[in-house]
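So the chains spell out like this:
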Amino acid sequence: MTDILARARAKVLDEGTPLNQDELLEVLQLPDDRIDDLLSLAHEVRVKWCGEEVDVEGIVSLKTGGCPEDCRFCSQSALYDSPVKAVRLDIEGLIESAKEVQKTGATEFCIVAAVRSPNEALMEQVEDAVGRIRSEVDVNVSASLGILNQAQVDRLKKAGVHRYNHNLETARSHFPNVVTTHTWEERVHTVEMIRDAGMETCVGGILGLGETLEQRAEFASELSALNPTEVPMNFLDPRPGTPFQDLPLVPIKDALRAIGAFRLALPRTILRFAGGRELTLGDIGTEKGLLGGINAVIAGNYLTTLGRDAENDLDMLDRMHLPIKALNATV
């Protein structure tokens, strides 16, 4: 059998066809001395099929903490004794946050709420906020409000939400070990409704939740089958008070192998650095990722963990001569 990277070059780079699950596992099992070759190929794939530009996004938590779900990695669950306290922003706060995000050069602003599903009050607040932000700030508005029904999907579409984030978190086979209060299938159903309504889909997860390499390959393949607009790549930053607080960090070489593998599973998708990259990869690993398949970043802080200062990320992109995607290129 030919080398997996030679096969990937012919299949993914030349044809734009994703690797299958078995092939992705081969990539994830590459020896350390092949990681640079993998990242080089992944970078070629992303430049050919996505272009050279890097998409920058800012996020804000509309409702933090107090969530009834039992996601075992999440400090926002009301079931765990974590230091995260329930906080809620008003519409004026959201608008100010959007303006601050715009100043960083970001083209995407995502409103996030820690809920199972949005109630009527939350839906109305988001609808009002999206309308105000679109009229006052030159930025695209995304949302992440949990599991939706069809009526809520239609309302968000009408309000002007152009992309919806709904992470699957991990592989289908591993999901019951991570969440028990809702199912993987429920999350997929929301993603499918969003896609069918004509909104862009943002669907990713977290690496380091105790999954095997086989399940990591399974997850990348499952995401590929959904063909999302964007996949945020998070690496577990173990949160105090959660059931996963003692899980180890993903080793940097495994994280880099995963970045390359996910690009070979998703050649045309926006692959975004999200939570945990600072802790798992550091500055050198982050730069390797940006030259190894990643083509988007969240600038600034995440929902419950600190990120890099937005100016540091922008300086890094400038130093690496990676152009930032303009707003008119993302609509």
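Residues numbered from 1 in each chain as written. Predicted model: local features only at pLDDT ≥ 70, side-chain atom pairs only at ≥ 80, totals over all residues. Heavy atoms only, no water.

A. The arrangement of the UniProt feature "binding site: [4Fe-4S] cluster" (unreviewed entry) in the protein in detail. Under the local residue numbering, the UniProt record ascribes the feature "binding site: [4Fe-4S] cluster" (unreviewed entry) to Cys67, Cys71 and Cys74. Along the polypeptide, Cys67 turns up in the loop between β1 (55–64) and β2 (87–88). (UniProt positions renumbered as here; feature names shortened; annotations may be inferred. Helix = DSSP H or I, 4+ residues; strand = E, 2+ residues; numbered from the N terminus.)

B. Broad picture of unusual backbone geometry. The phi angle at Glu169 is positive, at roughly 75°, despite the residue not being glycine. Topologically, Glu169 is positioned in the loop between β5 (163–165) and α7 (184–196). Located in the positive-phi region is Asn227, a residue other than glycine, with phi close to 50°. Of note, Asn227 is situated in the loop between α8 (213–226) and β8 (230–235). Note on Asn227: relative accessible area 58%, which makes it exposed. (Buried < 20%, exposed > 50% of the residue type's maximum accessible area, 1.4 Å probe, protein only.)

C. Representation of the packing of helix α9 (residues 252–265) against helix α10 (residues 277–290) within the structure. Closest axis-to-axis distance for the α9/α10 pair is 11 Å, and the angle between their directions is 30°. The angle between α9 and α10 falls in the class roughly parallel. When you trace α9 past α10, the crossing you get is right-handed. For the pair formed by α9 and α10, the contact residues are Ile252, Ala255, Leu256 and Ile259 on the first element and Thr280, Leu281, Gly285, Lys288 and Gly289 on the second. Residues that form the contact of α9 with α10 fall into these classes: 5 nonpolar, 3 polar and 1 charged. (Axes fitted to C-alpha atoms, helices over the stretch in contact; angles between N-to-C directions. Parallel < 35°, antiparallel > 145°, perpendicular 65-115°, else oblique. Left-handed = near helix turned anticlockwise from the far one by under 90°. Contact = heavy atoms within 4.5 Å. Nonpolar A, V, L, I, M, F, W, Y, C, P; charged D, E, K, R; others polar.)

D. Main features of empty space enclosed by the protein. Taken as a whole and judged by the stated rule, the model has 2 cavities of 30 Å³ or more. Reported here for the second largest cavity is a volume of approximately 30 Å³. In this structure, the second largest cavity is lined by Gly205, Leu207, Phe219, Val231, Pro232, Met233, Asn234 and Phe262. Where the lining of the second largest cavity is concerned, the elements lending two or more residues are β7 (205–207) and β8. In terms of residue count, β8 provides more of the lining of the second largest cavity than any other element does, 4 residues in total. Of the residues belonging to the lining of the second largest cavity, the class tally is 6 nonpolar, 2 polar and no charged. (1 Å grid on protein atoms, 1.4 Å probe; cavity = no way out; pocket = protein on both sides within 12 Å on 5 of 7 lines; lining within 4 Å. Points joined across faces, edges and corners; volume = space filled by probe spheres on them.)

E. Structural detail: the environment of Glu108. With respect to the secondary-structure elements, Glu108 resides in strand β3 (residues 108–113). Judged by its relative accessible area of 0%, Glu108 falls in the buried class. With 33 residues separating them along the chain, Glu108 and Val141 place their C-alpha atoms 6.1 Å apart.

F. Representation of the nonpolar core within the structure. Among the nonpolar cores identified, the biggest contains 92 residues, and Ile133, Leu156, Met233, Phe235, Phe262, Leu264 and Leu290 are the most heavily contacted of them. Broken down by element, the residue count for this core peaks at 8 residues, all from α9. (Core = buried A, V, L, I, M, F, W, Y, C linked by side-chain atoms within 4.5 Å.)

G. Up close: the environment of Asp128. Checked against the element boundaries, Asp128 lands in helix α5 (residues 120–136). Expressed as a C-alpha distance, the spacing of Asp128 and Ile91, which sit 37 residues apart in the sequence, is 7.6 Å.

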